[in-house]
Amino acid sequence: MVADVSVVVRYRKAVTYGVHALLAALETAKVEHDLRLGTTPEETAEHINASEADRVLVLWSFYSPDAEAMAAELATVKALSGGRGLHIAGGVHATAEPQQVIDAGWDLAGIGEGESTIIALVRALQEDQPLTTVPGLAIKDADGVALRTRPAPQLPLDTFPSFLGRKGPIEITRGCRYTCRFCQTPFMFGGQFRHRSVASVREHVRGMVDRGLRDIRFITPTSLSYGSPGPDPDLGAVEELLAGVKEELPPHGRVFFGSFPSEVRPEHVTPEAMRLLKRYVANDNLIIGAQSGSDKVLAASGRGHDTSPVRDAVRIAVEHGFRPNVDFIFGMPGEDEADQAASIRLAADLADLGARIHTHTFMPLPGTPWRDAEPAFIPLTTMRELDRLAQRGDAYGHWRKQAEHSARLAETAKAYPRRARRRRTG
Ligand code: SF4
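Computed from a predicted structure; not experimentally measured. (Residues numbered from 1 in each chain as written. Predicted model: local features only at pLDDT ≥ 70, side-chain atom pairs only at ≥ 80, totals over all residues. Heavy atoms only, no water.)

Topic: the site of the ligand
Put simply, the rule is: What makes a residue near a molecule or strand is one non-hydrogen atom of that residue sitting within 4 Å of it. Polar here means any residue outside two lists: the nonpolar Ala, Val, Leu, Ile, Met, Phe, Trp, Tyr, Cys and Pro, and the charged Asp, Glu, Lys and Arg; Gly therefore counts as polar.
Every residue close to the ligand is listed here: C176, Y178, C180, F182, C183, T185, P186, P221, R265 and R303. A class-by-class count of the residues in the shell around the ligand yields seven nonpolar, one polar and two charged.

If you want it as structure tokens, here you go:
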């Protein structure tokens, strides 16, 4: 006998891209399910209570800074739904910290890329198979320990669409060959680029145009790496992508590339690349990752570039009509006052060249090589300089809020030492 399964999603704006990819995987694999989206904890509980299915699977996804707030929401939803439903947390935080997620009250943690896992999980619930057969899970054992099943595969990106019948940026590249020690992307999606084919991207665009949409954006760790396996951009591949997308769009259609929600690496900003973008894109800004004005800090962070290409990138982008938004992270491990002064100096120089500075505070994110690293102290003098840049309209960002997250993540990392984290089942 096949059981009916309801999939209830705690649907939050911050994580729609990943959720849409999971729902698209279920639809592509033609896995029967009844889908309900809960935009608040109360609505999520209502959907659980209203479901007439035999099994209710409740999907949660969140980033590390939101983990505590989501655990509180989970408690609310469970209380309002009388404990009905199997709650699974997925995404980068659950992948890095399955034990923490299980201790916080979720029944399961989804580890790694979720597409294969969600398909196998819903099928296992339908067919009453043990969940230990599902790849990419952490399951709570009788002692409350998170035991892992076999890893979920990292499949070619064309295997599943970014979304079906919905809207959002099209994921053109997954995984990253760079090794920035503060970043969760290589840990979550692997250390190689996997690019979506131009044919698959065009199919997405056709579907969006059919639904009356005209703006196309992309998700990628580094926009100008599209089509390339290594550090050098393949501008031919980028042009094939952009030209193909343009061909699918009506005349008033617009392509955004190298801007939100993606960015470009500074050494990829060349006159040739900018001339290419100018021929196709509608964005007037580019997001460029500089991260620090200190070569010492950049080397320690594994960025793979020093400060020298950053000034050039800003100058070249401005010369070609783009306003650069340049990311900086303050408080990276080992950063001292002189490093911070160098970052402030570089940020001010870039602002004079026409850039806006997007300021961040280092957060020791789970899964990254710097999970257990001590954030550097940010003295009042540095804070005042950042505020001064912001008051001039040259800087923006949530760096103060991130400083709070940073302190909380450091505390949690101490409570969950790395060595206690891996045990396998199945
Ligand atoms: S910060 Fe960007 S370039 Fe560095 S590893 Fe992360 S995604 Fe890749």
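After presenting the structure, the write-up continues.
Section: the nonpolar core
Put simply, the rule reads: To define a nonpolar core, start from buried Ala, Val, Leu, Ile, Met, Phe, Trp, Tyr and Cys residues and group those joined through side-chain atoms within 4.5 Å. We call a residue buried when its accessible area falls under 20% of the maximum for its residue type, exposed when it is over 50%, and partly exposed in between, using a 1.4 Å probe and counting protein chains only. For the purposes of this entry, the term helix denotes a DSSP run of H or I that reaches at least four residues, the term strand denotes a run of E that reaches at least two, and both are numbered from the N terminus. Domain limits in this description derive from either an automatic procedure or a database domain assignment. Contacts are assigned to residue pairs that have any heavy atoms within 4.5 Å of one another.
Core analysis: the largest hydrophobic core is formed by 51 residues, its most contacted members being F218 and F257. The set of elements that each furnish at least two residues to this core consists of α8 (198-210), α9 (235-248), α10 (271-280), β14 (285-291), α12 (308-319), β15 (323-330), α13 (337-353) and α14 (380-391). Tallying contributions element by element places α9 first for this core, with six residues. Viewed by domain, this core spans two of them, domain 2 (157-260) and domain 3 (284-426), each represented by three or more residues. Leaving out residues up to four positions away in the same chain, F257 has contacts with I172, F218, S223, L224, V238, L241, L242, L277, V281, N283 and L286. By size, the runner-up hydrophobic cluster in this structure holds 25 residues, among which are Y11, L26, I118 and L125.

Structural notes on the UniProt feature "domain: B12-binding" (unreviewed entry) in the protein
Formally: UniProt positions are given in the numbering used here, feature names are shortened, and annotations may be inferred rather than shown by experiment.
Here, the residues flagged by UniProt with the feature "domain: B12-binding" (unreviewed entry) are residues 1-132. Taken end to end, residues 1-132 comprises 47% helix and 20% strand; its first and last C-alpha atoms sit 20 Å apart.

What to know about the packing of aromatic side chains
Aromatic ring pairs: the centre-centre distance and the angle between the two ring planes describe each pair. Applied cut-off: Paired rings are identified among Phe, Tyr and Trp, the last through its six-membered ring, by centres lying within 6.5 Å, and are further divided according to the angle between planes into stacked (under 30 degrees), edge-to-face (over 60) and tilted (the rest).
This model, assessed by the stated rule, comprises six aromatic pairs. Among the aromatic residues, those joined into a ring-pair cluster are W60, F62 and W106.

Points about the packing of α12 against α13
Keep this limit in mind: All axes are obtained by fitting lines to C-alpha atoms, using only the stretch in contact for helices, and the reported angles, taken between N-to-C directions, cover 0 to 180 degrees. For classification purposes, an angle smaller than 35 degrees is called roughly parallel, one larger than 145 roughly antiparallel, one from 65 to 115 roughly perpendicular, and anything else oblique. Should the near helix be turned anticlockwise from the far one by less than a right angle, the crossing is termed left-handed; should it be turned clockwise, right-handed.
The contact between α12 and α13 brings their axes to 10 Å, and the two run at 15 degrees. Taken together, α12 and α13 sit at an angle that is classed as roughly parallel. Note that α12 runs across α13; the crossing there is right-handed. Contacts between α12 and α13 pair V310, R311, V314 and V318 from the former with L346, D349, L350 and L353 from the latter. Among the residues making up the contact of α12 with α13, the classes are represented as six nonpolar, no polar and two charged.

Examining the sheet that holds strand β16 (residues 356-361)
Two pairing modes exist for strands in a sheet, parallel and antiparallel, and in both the strands are linked by backbone hydrogen bonds. Condition: Strand pairing follows a simple DSSP-based rule, namely that at least 2 bridges must link the two strands.
Spatial strand order, β14-β15-β16-β17: four strands in an open sheet with parallel pairing. Taken across any chain shown, the strands that pair with only one partner, and hence form the sheet edges, are β14 and β17 (395-396). One ladder, built from two bridges, connects β16 with β17; its direction is parallel. Bridge pairing in β17 links H358 to Y396.

Some words on the packing of helix α1 (residues 16-28) against helix α6 (residues 114-127)
Think of two packed helices as two axes; the pair is described by the angle between the axes and how far apart they sit. Running from N to C, α1 and α6 point in directions that differ by 50 degrees, and their axes come no closer than 9 Å. Between α1 and α6, the angle falls in the class oblique. Classified by chirality, the crossing of α6 by α1 is right-handed. Listed contacts from α6 to A21, L22, A25 and L26 of α1 are G114, E115, I118, I119 and V122. Across the contact of α1 with α6, the residue classes break down as seven nonpolar, one polar and one charged.

A closer look at the pattern of salt bridges
Under the convention used in this document: Salt bridges, as used here, are contacts in which a Lys or Arg side-chain nitrogen is within 4 Å of a carboxyl oxygen on Asp or Glu.
Enumeration over the complete set of coordinates arrives at 28 salt bridges. One salt bridge connects E27 with R166, and the closest N-O pair in it is separated by 3.5 Å. With a gap of 139 residues between them, E27 in helix α1 and R166 in the loop between β7 (146-148) and β8 (170-171) connect regions that are remote in the sequence. Residue classification places E27 among the partly exposed positions, given a relative accessible area of 33%.

Structural notes on the pairing of strand β3 (residues 55-61)
This is how it is decided: Look down the strands so they point away from you; if the path from the first strand over the helix to the second goes clockwise, the crossover is right-handed.
Among the seven residues in β3, six count as buried, and that is most of the element. Of the pairings in the sheet, the one linking strand β1 (residues 5-10) to β3 comprises five bridges and is parallel in character. Its bridge partner being in β3, V5 is matched across the sheet by R55. As paired elements, β3 and strand β4 (residues 86-90) share five bridges and run parallel to each other. Paired with L57 across the strands is L86, a residue of β4. Between β3 and its parallel partner β4, the chain crosses via helix α3 (residues 67-80), and the hand of that crossover is right-handed.

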